[in-house]
Number of protein chains: 2
Amino acid sequence: MITLHKQGEMTQKLCSNCSLHALCMPVGLNGEEMADLDAVMKQSRRLKKGEYLFRSGEPFASLFAVRTGFFKTTVASQDGRDQVTGFLMSGELIGMDGICGQIHSCDAVALEDSEVCELPFVNLEEAGSKLPSLQTHFYKLMSREIVRDQGVMLLLGNMRAEERLAAFLLNLSQRLSDRGFAANDFILRMSREEIGSYLGLKLETVSRTLSRFQQEGWVKVEHKHIRILQPEVLKTMVAGCEHAI
Amino acid sequence: MITLHKQGEMTQKLCSNCSLHALCMPVGLNGEEMADLDAVMKQSRRLKKGEYLFRSGEPFASLFAVRTGFFKTTVASQDGRDQVTGFLMSGELIGMDGICGQIHSCDAVALEDSEVCELPFVNLEEAGSKLPSLQTHFYKLMSREIVRDQGVMLLLGNMRAEERLAAFLLNLSQRLSDRGFAANDFILRMSREEIGSYLGLKLETVSRTLSRFQQEGWVKVEHKHIRILQPEVLKTMVAGCEHAI
DNA sequence: CGCAACCTTGATTCTGATCAATAAAGGTGG
DNA sequence: CCACCTTTATTGATCAGAATCAAGGTTGCG
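The rules behind each value
Residues numbered from 1 in each chain as written. Chains lettered and ligands numbered in written order. Predicted model: local features only at pLDDT ≥ 70, side-chain atom pairs only at ≥ 80, totals over all residues. Heavy atoms only, no water. Pairing = 2+ DSSP bridges. Helix = DSSP H or I, 4+ residues; strand = E, 2+ residues; numbered from the N terminus. Axes fitted to C-alpha atoms, helices over the stretch in contact; angles between N-to-C directions. Parallel < 35°, antiparallel > 145°, perpendicular 65-115°, else oblique. Contact = heavy atoms within 4.5 Å. Nonpolar A, V, L, I, M, F, W, Y, C, P; charged D, E, K, R; others polar. UniProt positions renumbered as here; feature names shortened; annotations may be inferred. Buried < 20%, exposed > 50% of the residue type's maximum accessible area, 1.4 Å probe, protein only. Near = heavy atom within 4 Å. Polar contact = N/O pair within 3.5 Å; in protein donor to acceptor, adjacent residues only side chain to side chain. Domains from an automatic or database assignment. Buried area = accessible area lost by both parts, 1.4 Å probe. Salt bridge = Lys/Arg side-chain N within 4 Å of Asp/Glu carboxyl O. Arc of directions from axis to C-beta.

Under an unreviewed UniProt entry, the name given to chain A is Fumarate/nitrate reduction transcriptional regulator Fnr, and the organism recorded is Paralysiella testudinis.

Colleague: Report on the sheet that holds strand β12 (residues 219-222) of chain A, specifying residues and quantitative values.
Modeller: Strand pairing in a sheet relies on backbone hydrogen bonds, with the paired strands running either antiparallel or parallel. Residues and elements named next belong to chain A. Spatial ordering of the open sheet is given by β11-β13-β12, a layout of three strands whose pairing is antiparallel. Bordering the open sheet on either side are β11 (185-187) and β12, each of which pairs with just one other strand. Here the strands of the sheet are splayed against their neighbours by 15° on average, with no regard to which way each runs. Pairing of β11 with strand β13 (residues 225-228) involves three bridges; the strand directions are antiparallel. Bridged to D185 within β13 is R227.

Colleague: Mind laying out the packing of helix α4 (residues 161-178) of chain A against helix α5 (residues 192-199) of chain A, listing which residues take part and the relevant values?
Modeller: Residues and elements named next belong to chain A. Two elements in contact, α4 and α5, have axes separated by 11 Å at closest approach and are oriented at 110°. The angle between α4 and α5 falls in the class roughly perpendicular. Between α4, through R164, L165 and F168, and α5, the contact on the second element is made entirely by I195, Y198 and L199. Of the residues assigned to the contact of α4 with α5, the class counts are five nonpolar, no polar and one charged.

Colleague: Got a sec to walk through the UniProt feature "domain: Cyclic nucleotide-binding" (unreviewed entry) in chain A? Specific residues and values, please.
Modeller: Sites flagged by UniProt as "domain: Cyclic nucleotide-binding" (unreviewed entry) map to residues 25-95 of chain A. Along residues 25-95 of chain A the backbone is 14% helical and 44% strand, and the end-to-end C-alpha distance reaches 14 Å.

Colleague: Pulling in residues and values, what's your account of the side chain of E145 of chain B?
Modeller: One can find E145 of chain B in helix α3 (residues 132-158). The class for E145 of chain B is buried, based on a relative accessible area of 18%. If sequence neighbours within four positions are ignored, E145 of chain B has contacts with I146 of chain A together with M96 of chain B.

Colleague: Can you break down the protein's contact with DNA strand C residue by residue, with the values?
Modeller: Neighbouring DNA strand C are 17 residues, the closest being A161 and T205 of chain A together with R192, S207 and S211 of chain B. Contact distances for DNA strand C include 3.5 Å between a phosphate oxygen and a side-chain N or O atom of K224 of chain B. Residue assignment for the surface near DNA strand C shows that the elements contributing at least two residues are α6 (203-215) of chain A together with α6 (203-215) of chain B. Counting residues per element, the surface near DNA strand C draws most heavily on α6 of chain B, which supplies five residues. Across the surface near DNA strand C, the residue classes break down as three nonpolar, six polar and eight charged.

Colleague: I'd like a rundown of the domain arrangement of chain A, residues and numbers included.
Modeller: Residues and elements named next belong to chain A. Under the domain assignment, chain A is made up of domain 1 (3-148) and domain 2 (159-237). Placing a centre on the C-alpha atoms of domain 1 and another on those of domain 2 gives a separation of 26 Å. Across the interface of domain 1 and domain 2, roughly 1,300 Å² is buried in total on both sides, 56% from carbon and sulfur atoms. The tally of links from domain 1 across to domain 2 stands at four salt bridges. Notably, a salt bridge pairs E92 with R175, separated by 2.9 Å at the nearest N-O pair. At the boundary of domain 1 with domain 2, the tally comes to 10 residue pairs in polar contact (both at pLDDT 80 or more). Among the elements of the structure, β6 (70-76) and β7 (82-89) are those that each provide at least two residues to the side of domain 1 that touches domain 2. With eight residues, the single largest contributor to the side of domain 1 that touches domain 2 is β7.

Colleague: How would you explain the environment of Y139 of chain B if you had to name every residue and give the values?
Modeller: The topology assignment puts Y139 of chain B in helix α3. Each C-alpha atom of the pair Y139 of chain B and G128 of chain B lies 9.9 Å from the other, and the pair is 11 residues apart in sequence. Here Y139 of chain B is in contact with I99, F121, E125, Q135, F138, Y139 and M142 of chain A, once residues within four sequence places are set aside.

Colleague: Can you break down the protein's contact with DNA strand D residue by residue, with the values?
Modeller: Around DNA strand D, a shell composed of 17 residues is seen, among which R192, S207 and S211 of chain A together with A161 and T205 of chain B lie nearest. Backbone sugar and phosphate groups make up 64% of those atoms of DNA strand D lying within 4 Å of the protein. At 2.8 Å, a side-chain N or O of R208 of chain A approaches a base nitrogen of DNA strand D. Interatomic distance of 3.3 Å between a backbone N/O atom of K202 of chain B and a phosphate oxygen of DNA strand D. Counting only elements with at least two residues in the surface near DNA strand D, the list comes to α6 of chain A together with α6 of chain B. Per element, the largest residue contribution to the surface near DNA strand D is five residues, and it comes from α6 of chain A. Class assignment for the residues of the surface near DNA strand D results in three nonpolar, six polar and eight charged.

Colleague: Provide a residue-level description of helix α2 (residues 121-130) of chain B, including the pertinent values.
Modeller: What α2 of chain B keeps buried is the set F121, L124, E125, A127 and G128 of chain B. Contact partners of the buried residues in α2 of chain B: α3 (132-158) of chain A together with α1 (31-40), β5 (62-68), β10 (114-120) and α3 of chain B.

Colleague: With reference to specific residues and values, describe α1 of chain B.
Modeller: Residues and elements named next belong to chain B. Of all the residues in α1, the buried ones are E33, M34, L37, D38 and V40. One side of α1 holds all its buried residues, which, seen down the axis, span an arc of 155°. In α1, those exposed residues whose orientation departs by more than 90 degrees from the buried face are G31, E32 and A39. Among the residues of α1, the N-terminal cap falls to N30, whose side-chain oxygen and the backbone nitrogen of E32 are separated by 3.1 Å.

Colleague: I'd like a description of the UniProt feature "domain: HTH crp-type" (unreviewed entry) in chain A, backed by residues and values.
Modeller: Per the UniProt entry, the sites bearing "domain: HTH crp-type" (unreviewed entry) are residues 159-232 of chain A in this numbering. Along residues 159-232 of chain A, the helical share is 55% and the strand share 15%, with 18 Å between the first and last C-alpha atoms.

Colleague: Explain the pairing of strand β7 (residues 82-89) of chain B to me, using residue names and the numbers behind them.
Modeller: Working note: regular strand, side chains alternate between the two faces of the sheet. All names here are of chain B. Most of β7 is tucked away, with seven of its eight residues classed as buried. When strand β6 (residues 70-76) meets β7, the two strands line up antiparallel, connected through seven bridges. Counterpart to T73 in the pairing with β7 is G86. Here β6 hands over to β7 after five residues, with G80 in that stretch at a positive phi of 95°.

Right, dumping it as structure tokens:
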């Protein structure tokens, strides 16, 4: 890993040298353009499990690309209810909700020790107006988030508990597989309660539904270790709601 | 209303002369910048009630700003379930889901006779790279949509039927009031079924809940004509879920 | 005017929430 | 490294809210 030493103690990692460039911000950029993107990035930041990347209400200045690790985002209501709005893994972008209003509207929490790349938004805007392909790519990332949210709405508004859980497992499976991990054998980084919050279910329902899936022989559940034994069955279960995956 | 006559039959309406400029795309632009935005707009288009502005799967080329009228957007699943993902009124932007993928991922349908301004996306990108304030404003619009979606997730994942309906009525009330209409006396443009789909409820539940609100004296319901008699009560009901409104 | 779409209301069912008890895992400090 | 404590997960029993099924009424369009 190449690191540039700036101002003595800070180290900067480069997009142009990152294994995630096929998934993350630099998608579709040529070498020269990628160098401009390197100039956008401020520095990388490490977080311990449980640490907040930012909290709702804090001033917004930067987007963050997950480099390693795993995050959740949550929106909270004053009366304590909170809703997990997303789980984020490497190459995914956190913080786009802060652009309008210049204030973060959700919390972002590391669910395991993680590292993020900080992309100051002013730099990104400036680079975008020079680089049409970066510009376009960033529009697409925001649009993709809107489409993802539509899928979650479909899931929360229309699907039954078992369909929600099947869609959830298939979604994780797909994204892990995109990153070169096993599609059907993985560790959940989030608790049953967090899964439930994301899916609009109580943790007991998540637990029961996983147990039922296991009894049917569709998955093997060992605490947080999940093996999908019959992905086709899960796919059948959400057939007709492809959008939600 | 000033209209420019281009190519004989087409007429073009101008942002610089539109009463919605405080709510719509031109927010924060000066006169010169607004002229550039006028150049972005292709033409306006009229739709009859029930007509589709676009359908899921069609190629994406333009965003649409609602000029007059009322729209819904829906995502459909093959098995017929469909989820209303939004209701849009004047000054609001439709189609941002199409940017990633260059394909519309939802249907947009006029719920009354309507008129939209067509903003070809390539024009918008081009104008954005010249006009930083337009650029920034467009980022903010996309971000606002993401934040709105988070609110809907909170609503669908955590709230009870009566809270959802209260949040829905208050949201409509707020947006109508922003447009200079009465906040507490309005006509619903959508059916009970469409409200239910948006809120993750069945139409019978919407109907029953409205009846209960009326019995309690909080609202007066006459078919599609709604009068909010005690907005404070509705507000109390969703207190602690401000985000969802 | 007649039909179709939409709405209301009631009776019943069912899914998932709640309440509760126990078990297992993971982290902490001695 | 182990004992303890906290957090997390599983499972069962019961309950409640919303869905479903059903019937009748209203509106408005062709």
